[in-house]
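Residues per chain are reported as follows:
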Amino acid sequence: MRKGQKNSANSFVGRVDAVKEIEEVLVSSDRDEGRLAVQSIEGSGCIGKSYLLDHVMRTTDLHSLNYLTLRLNGNDQSASYVDSAVSHMVNNASAIPITKNPGGHFPKVAEVISTIGEIRTKAADEIRKKYPNVQEASKVSERYLNLFLNVGEAADIKIPGTKLGVRELKKLASENQEALESLRQEALGFWESLSEWFGSTAKRNAVKENARRELSKALVSDISSLLVGYKTKDILKPGRGKLKGVKRLLLILDDYEYLQNSLGEFLVSSFLPALQQASFESTVVILGRDQLPATNPAWDQNLKTALLPPIVLSPLSRQEMDELVEVYGVTDPTEKERAWRDTEGYPLNVEFWIEETKSGGRSALMLRRFYERQTRWMTEQERAWLEHVQFLDTVNKRTLQKMLGSSEEADLVMEWFKREGSVRDTTALTFQVREYVRSRLIDYLKLTDPDRYDALRLKAQAQTD
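Residues numbered from 1 in each chain as written. Predicted model: local features only at pLDDT ≥ 70, side-chain atom pairs only at ≥ 80, totals over all residues. Heavy atoms only, no water.

Is there a simple way to think about helix α3 (residues 82-91) in this case?
In an α-helix, one turn spans 3.6 residues; hence positions three or four apart end up facing the same way. Residues Val82, Asp83, Ala85, Val86, Met89 and Val90 constitute the buried set of α3. Taken down its axis, α3 places every buried residue within 160° of arc, on the same side. (Buried < 20%, exposed > 50% of the residue type's maximum accessible area, 1.4 Å probe, protein only. Helix = DSSP H or I, 4+ residues; strand = E, 2+ residues; numbered from the N terminus. Arc of directions from axis to C-beta.)

Got a minute to help me understand helix α22 (residues 450-462) in this structure?
Here α22 is 13 residues long and its end C-alpha atoms lie 18 Å apart, about the 18 Å a rise of 1.5 Å per residue gives. In the core, the buried residues of α22 are packed alongside α18 (380-389), α19 (397-404) and α21 (435-448). (Expected span 1.5 Å × (residues − 1). Contact = heavy atoms within 4.5 Å.)

I'm lost on the pairing of strand β3 (residues 248-254) in this one. Help?
On a regular strand, one side chain projects to one face of the sheet and the next to the other, so that they alternate. Where burial is concerned, most of β3 is hidden: seven out of the seven residues are buried. On β3, burial covers both faces: Arg248, Leu250, Ile252 and Asp254 on one face and Leu249, Leu251 and Leu253 on the other are all buried. Strand direction decides the pairing type here: strand β2 (residues 67-73) and β3, joined by seven bridges, are parallel. In the sheet register, Leu70 faces β3, and the bridge partner there is Leu251. Both β3 and strand β4 (residues 281-288) contribute to a ladder of six bridges, which runs parallel. Residue pairing in the sheet places Arg248 in a bridge with Glu281 of β4. Crossover handedness for the path β3 to helix α11 (residues 256-276) to β4: right-handed. (Pairing = 2+ DSSP bridges. Right-handed = clockwise from strand over helix to strand, strands pointing away.)

Is there a simple way to think about the sheet that holds strand β1 (residues 36-42) in this case?
One key point about sheets: their strands pair by backbone hydrogen bonds, in either a parallel or an antiparallel sense. Read from one edge to the other, the open sheet built from five strands follows the order β2-β3-β4-β1-β5, with strand pairing classed as parallel. Here the strands that pair on one side only, and so sit at the sheet edges, are β2 and β5 (311-312). Where β1 lies against β5, two bridges are found, and the strand directions are parallel. In the sheet register, Ile41 faces β5, and the bridge partner there is Ile311. Each of β1, β2, β3 and β4 touches helix α2 (residues 49-58); the most contacted strand, β4, lies at about 145° to it. (Axes fitted to C-alpha atoms, helices over the stretch in contact; angles between N-to-C directions.)

What's the story with the pattern of salt bridges in this structure? I'm lost.
Side chains that carry opposite charge are capable of pairing whenever their charged atoms lie near each other. Per the stated rule, a full pass over the model turns up 24 salt bridges. A salt bridge links Arg369 to Glu355; the nearest nitrogen and oxygen atoms lie 2.7 Å apart. With a gap of 14 residues between them, Arg369 in helix α17 (residues 364-375) and Glu355 in helix α16 (residues 347-359) connect regions that are remote in the sequence. Of the residues examined, Arg369 reaches a relative accessible area of 32% and is grouped as partly exposed. We classify Glu355 as partly exposed; its relative accessible area is 27%. (Salt bridge = Lys/Arg side-chain N within 4 Å of Asp/Glu carboxyl O.)

Is there a simple way to explain the packing of α16 against α21 in this structure?
How two helices pack is summed up by the angle between their axes together with the distance between the axes. Close contact between α16 and α21 brings their axes to 12 Å; oriented N to C, the two are set at 60°. Relative to α21, α16 is oriented oblique. The two elements α16 and α21 meet at a crossing, and its hand is left-handed. Facing Asn349, Phe352, Trp353 and Glu356 of α16, the residues of α21 in contact are Tyr436, Val437 and Arg440. Broken down by class, the residue content of the contact of α16 with α21 amounts to four nonpolar, one polar and two charged. (Parallel < 35°, antiparallel > 145°, perpendicular 65-115°, else oblique. Left-handed = near helix turned anticlockwise from the far one by under 90°. Nonpolar A, V, L, I, M, F, W, Y, C, P; charged D, E, K, R; others polar.)

Teacher, can you tell me more about the environment of Tyr444 here?
Mapping Tyr444 onto the fold places it in helix α21. Classification of Tyr444 by relative accessible area gives buried; the value is 16%. For the pair Tyr444 and Tyr371, spaced 73 residues apart in sequence, the C-alpha separation works out to 7.2 Å. For Tyr444, the contacting residues outside a window of four places in its chain are Leu367, Arg368 and Tyr371.

Rendered as C-alpha cells:
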C-alpha cells in the first residue's frame, strides 16, 4: 500500500500556473511598470502559500539572479513592533557575499533602532520613577509608546510642547483603553513629560517626530549602499559598501495578517514608496489570507502601479491530491479516496494524515502539532470560539446563540466563521467545520482539558435533545 516514504521537501505537486507566475516575477528584469513589483499570494490558512513559495525558491537560483534577500515571517514574536520587525529582517539578510553578521551591513538601520531603544528605555524608566504606584504603568506606557512608533508621524492635533500625534495614538490605543484610563488619572502630565525625557539630539528629534520615516530612510540607504554603492556624501560613513554580484532586492513577507499591525503603515506609506524611487530594482512577495488592497487603502492610493495581479490559491484538485499522496507511497485507491475525503485538498493536512496513517492512530504529539498549526493565526478569542463551534453539526446564528448564550456574540462568531476557510468545510451545503479538522481538534481538547470537553459536549448535545 505504501512504498518507501519520500521526504516532504520533494513532495510538491500541482499548482503549475502559480509556479510559473512566481518564477516569472522573480526572473523578470527591466520592468515597464517601474522599479518596484509587489506580488501577493493569497488564500486561507493551510492552503499551501508558504509551501508554494518555498518550492519555487528551492528550484530557482536566486543568487544567479543577483538578489539581496530579506525575509520576515509574521509568526516570529520579534516582529511585534516596527523596529524589532526591521531588525529581524536585516539580521536574516542573505546573499552570496554575506557569510556572517548580516546585520552589520545595515549601519544606518542599527543607528535608528538604537535611538528607538533609547527612547523606549528612557520613557519606561521615567514612568517607573515618577509613578511607582500606578499598576502596570510601565507595561501600558511601553505599549502606548510602541503604538506611536508604529504609527510614525504626528497627527494634526498635538499636545503643546510635544511632537506626539494624539489623534492617531488614541485610535490605535483603544484596545488598551481601560488600563490607559487608570494611567491617565494618575499621570495627567504623561505626554507632556515625554518630550523632556526623550532628549533633544537631532537623531532623537527626528525619530520622535516620525520614527517610521527615519527607519525607512535608513533601510533604503543601507540597501542602496549594498546594491549600488555609497553616494559621494556618504563615502566616509561606516558601512560595508557595495556587495559584489548583488544588484536587486527581494523582500518576502509571510503570514502578512500578523505583520499588518507592526509593518503595515511602514510599508505602504514610507518604505515601498521609497523603493519605487530607488535606483535599484525591488521585488516584494507578500503571503497572506486577505486581499492585499483590502488591508490598507494606501495600497491603491500609493502603490497601485506596483501591484501585480494576485495569485489566489484554492485547494488541490482530486488528481493533484492523488499525485501528492503517491509521493508518500500511498497507491491503494481506497486509501487515496480516504486521503481526499479527509484532507479536502489542503496540502498541509496531508503530512498530518500520512503521519497518523503510518503510526496507526492519533498520538498526543501529533494532536498538539495539529492544533497549533490549525490555530496559529487565530487570536485567543477566536480559539475560544473555535472550541464551541467544533462541537456543532451545523453552525448558524441559532445554534451559536444556544451554545454561547448571547445573540451579540453569536453574530460576531458567525461573521468570523464565514471568513475562516482554514477550518470551515467549503464544499458543504451548510456552515460546518471540516470533519477531519473537527475530530482532531475535539480529540485534542479531550486530551488536554477533559472538564471543558465534557461541558461543551453536553451543551452541544442539549441542542438536539
